[in-house]
2 protein chains.
Amino acid sequence: MKRFLAKNACFVTLLALSGTALGADLIDYPDGYRLWAHVKSMTIHKGHPLENPFLGVHHVYANDRALAGLKSNSFKDGSVLVFDLLQNQDAGHASVEGKRVLIGIMVKDSQRFSKTDGWGYEGWAGNSRAKRLVNDGGASCHGCHTQQKERDFVFSQWRD
Amino acid sequence: MKRFLAKNACFVTLLALSGTALGADLIDYPDGYRLWAHVKSMTIHKGHPLENPFLGVHHVYANDRALAGLKSNSFKDGSVLVFDLLQNQDAGHASVEGKRVLIGIMVKDSQRFSKTDGWGYEGWAGNSRAKRLVNDGGASCHGCHTQQKERDFVFSQWRD
């Protein structure tokens, strides 16, 4: 039994290590995005076409490269935009932020994501860094973003 | 006439220069705050006690010192928080940001603003850097912020 446990502990460790190594295929969680530039916010209410899954208040954040891209409508590889969705809570003639529902990101890498015009998409449920939400290689996300082809597939626009 | 104009141009120049010099009494506009850390957002609707003048969606931004203060509940001199108020526009089962209504700021300087517990307050209408909104030395702003004395007079709290 001891030997079995030792063997399996080893297997679990290997899985964890290989998970890291194989992670080359996975899009990284955008560490530190809460300190990136806040681009804009929007609230989606019941009845909106995007209420499932985007009901709530969302904030969009851009890293430095994405910020430059927003100003030029052309995004360099390494650009990352985060869509940070929180519950929109009623607070007596006011709306305040509730718990995080999910985050979604789009990452520019022309070679890696060539099938989706250079953009990779991923999402994480709630505050999890493990529960990933995109399982079609970003095809459905990109299908919608294709509306914005002339702005390099990005909906958000920078405002002063 | 030429001489008059020359004299008055000089006077205008002097006024401009003295405006800068006398500006020691005025709180500076928080240049670049749109790239500071986005702390939180909230929407105030009709019927809320603060609807006049705070109707709309507001975002709070913190400079580096204020960000450290939010995490420690103690703000060092030089901390600046910006309250950025935009119109909250209806967009068919969604709410989007409209024009800027005003910005308000609070600035920590223990000596300069000792009458208001070390915090100075100022506001600017719309996108103007000239139309200032606070004319009572910040007394009314601080009267409300006194509710938050145990958090160094700041309402906003940092969230991940």
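Note that this is a predicted model, so its numbers are computed, not measured.

**Student:** Can you help me understand the side chain of His59(A) in this one?
**Tutor:** In this structure, His59(A) sits in strand S2 (residues 56-62). You can call His59(A) buried: its relative accessible area is 0%. There is a polar contact of 2.8 Å between the side chain of His59(A) and the side chain of Glu97(A). What His59(A) contacts, discounting residues up to four positions off in sequence, is His38(A), Lys40(A), Ser41(A), Val82(A), Phe83(A), Asp84(A), Leu86(A), Glu97(A), His38(B), Ser41(B) and Arg159(B).

**Student:** How should the interface of chain B and chain A be read in this particular structure?
**Tutor:** For interface size, the figure often reported is the accessible area lost on association. With 29 residues of chain B at the interface, the matching set in chain A holds 29 residues. Both sides of the chain B and chain A interface together cover about 2300 Å² of buried area, and 49% of this is carbon and sulfur. Per-residue buried area on chain B facing chain A is highest for Arg34(B), His93(B) and Arg159(B); these three make up 26% of the total on that side. Remark: the boundary between chain B and chain A carries two salt bridges. A salt bridge links Glu97(A) to Arg159(B); the nearest nitrogen and oxygen atoms lie 2.7 Å apart. Listed by contribution, the elements that provide at least two residues to the side of chain B that touches chain A are strand S1 (37-44), strand S2 (56-62), strand S3 (80-90) and strand S4 (94-108) of chain B. Ranked by the residues each element gives to the side of chain B that touches chain A, the list is headed by S1(B), at eight residues. In the side of chain B that touches chain A, the residues fall into 11 nonpolar, 10 polar and eight charged.

Rules and cut-offs
Residues numbered from 1 in each chain as written. Chains lettered and ligands numbered in written order. Predicted model: local features only at pLDDT ≥ 70, side-chain atom pairs only at ≥ 80, totals over all residues. Heavy atoms only, no water. Helix = DSSP H or I, 4+ residues; strand = E, 2+ residues; numbered from the N terminus. Buried < 20%, exposed > 50% of the residue type's maximum accessible area, 1.4 Å probe, protein only. Polar contact = N/O pair within 3.5 Å; in protein donor to acceptor, adjacent residues only side chain to side chain. Contact = heavy atoms within 4.5 Å. Buried area = accessible area lost by both parts, 1.4 Å probe. Salt bridge = Lys/Arg side-chain N within 4 Å of Asp/Glu carboxyl O. Nonpolar A, V, L, I, M, F, W, Y, C, P; charged D, E, K, R; others polar.

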